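# Examination of the molecular architecture
The primary structure of each chain is shown beneath.
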Amino acid sequence: MKIYKIKVNGKTYKVELEAIDEVGASAPAAIPAKEAEKKPEAKPVQTDAKGESVLSPIQGQVTQVKLKLGDKVKKGDVLFIIEAMKLENEVVSPFDGEVKSILVEKGASVAAKQPLAIIG
């Protein structure tokens, strides 16, 4: 075992490091992580709608839903705001149509390319 001195923000700490053989060595015990904060799951408002899906361009959290069921939207209208890495990303309509289904709600975590709404 080797002892090292490490200075962090002007304060000195002593650290002991142990060399472990790769052959036959056991893995160190895992440090328990804090339980992840639970976020609302995506819930469909209407599931039998026919039309084209609007997909999430990025993984993140839905912070705003700017449409309602039955709204008429035009290509380029902002439909959702998704926050990823503290940046807000606008999800715009790729085509004209009527909102047939909203598949996520505010606060939901979404994956990249996950359907957010159906426009017909």
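Bear in mind the structure is a predicted one, so any value in this text is a computation, not a measurement.

In space, the four strands of this open sheet follow the order β7-β6-β4-β9, with antiparallel pairing throughout. Edge strands, defined here as strands with exactly one partner in the open sheet, are β7 (87-92) and β9 (109-110). By the bridge criterion, four bridges tie strand β4 (residues 60-65) to strand β6 (residues 78-84) in an arrangement that is antiparallel. By the bridge assignment for β6, Val65 is matched with Phe80.

To continue, consider the pattern of salt bridges. Under the definition given, this model contains one salt bridge. A salt bridge links Lys72 to Glu98, with the nearest nitrogen and oxygen atoms 3.0 Å apart. You can see Lys72 sitting in strand β5 (residues 72-73) and its partner Glu98 sitting in strand β8 (residues 97-102), a full 26 residues away along the chain.

Scored by pLDDT, the chain comes out at a mean of 81, with 75% of its residues at no less than 70. Of the regions scoring below 50 in pLDDT, residues 35-47 engages in 25 contacts with residues more than four places distant in sequence or in other chains.

Bringing unusual backbone geometry into the picture now. Backbone geometry at Asn9 places phi at a positive 50°, although glycine is not the residue there. Along the chain, Asn9 turns up in the loop between β1 (2-8) and β2 (11-17). If you check the backbone angles, Lys113 has positive phi at about 70° while not being a glycine. With respect to the element layout, Lys113 can be found in the loop between β9 and β10 (115-119).

Here we come to the sheet that holds β5. Within a sheet, each strand pairs with its neighbour through backbone hydrogen bonds, oriented either parallel or antiparallel. Strand order in the open sheet formed by four strands is β3-β10-β8-β5, with antiparallel pairing between adjacent strands. The open sheet has two free edges, formed respectively by β3 (52-55) and β5, since each of these has just one partner strand. Bridge count between β3 and β10: four bridges; the pairing is antiparallel. Across the sheet, residue Ser53 finds its bridge partner in β10, namely Ile118.

One broad trend across soluble globular proteins is that nonpolar side chains are buried collectively. Formed by 17 residues in total, the largest nonpolar core has its most connected members in Leu67, Leu79, Phe80, Val104 and Leu116. At the level of elements, β6, β8 and β10 are the ones that each hand at least two residues to this core.

Here β6 lies mainly inside the structure; five of its seven residues are buried. Strand direction decides the pairing type here: β6 and β7, joined by six bridges, are antiparallel. Across the sheet, the residue bridging to Ile82 is Asn89, located in β7. Where β6 hands over to β7, the hairpin turn is made up of two residues, of which Met85 adopts a positive phi near 55°.

What follows concerns the side chain of Ser93. One can find Ser93 in the loop between β7 and β8. A polar contact is formed between the side chain of Ser93 and the backbone oxygen of Phe95, at a distance of 2.4 Å.

Analysis parameters
Residues numbered from 1 in each chain as written. Predicted model: local features only at pLDDT ≥ 70, side-chain atom pairs only at ≥ 80, totals over all residues. Heavy atoms only, no water. Pairing = 2+ DSSP bridges. Helix = DSSP H or I, 4+ residues; strand = E, 2+ residues; numbered from the N terminus. Salt bridge = Lys/Arg side-chain N within 4 Å of Asp/Glu carboxyl O. pLDDT = per-residue confidence, 0-100. Contact = heavy atoms within 4.5 Å. Core = buried A, V, L, I, M, F, W, Y, C linked by side-chain atoms within 4.5 Å. Buried < 20%, exposed > 50% of the residue type's maximum accessible area, 1.4 Å probe, protein only. Polar contact = N/O pair within 3.5 Å; in protein donor to acceptor, adjacent residues only side chain to side chain.

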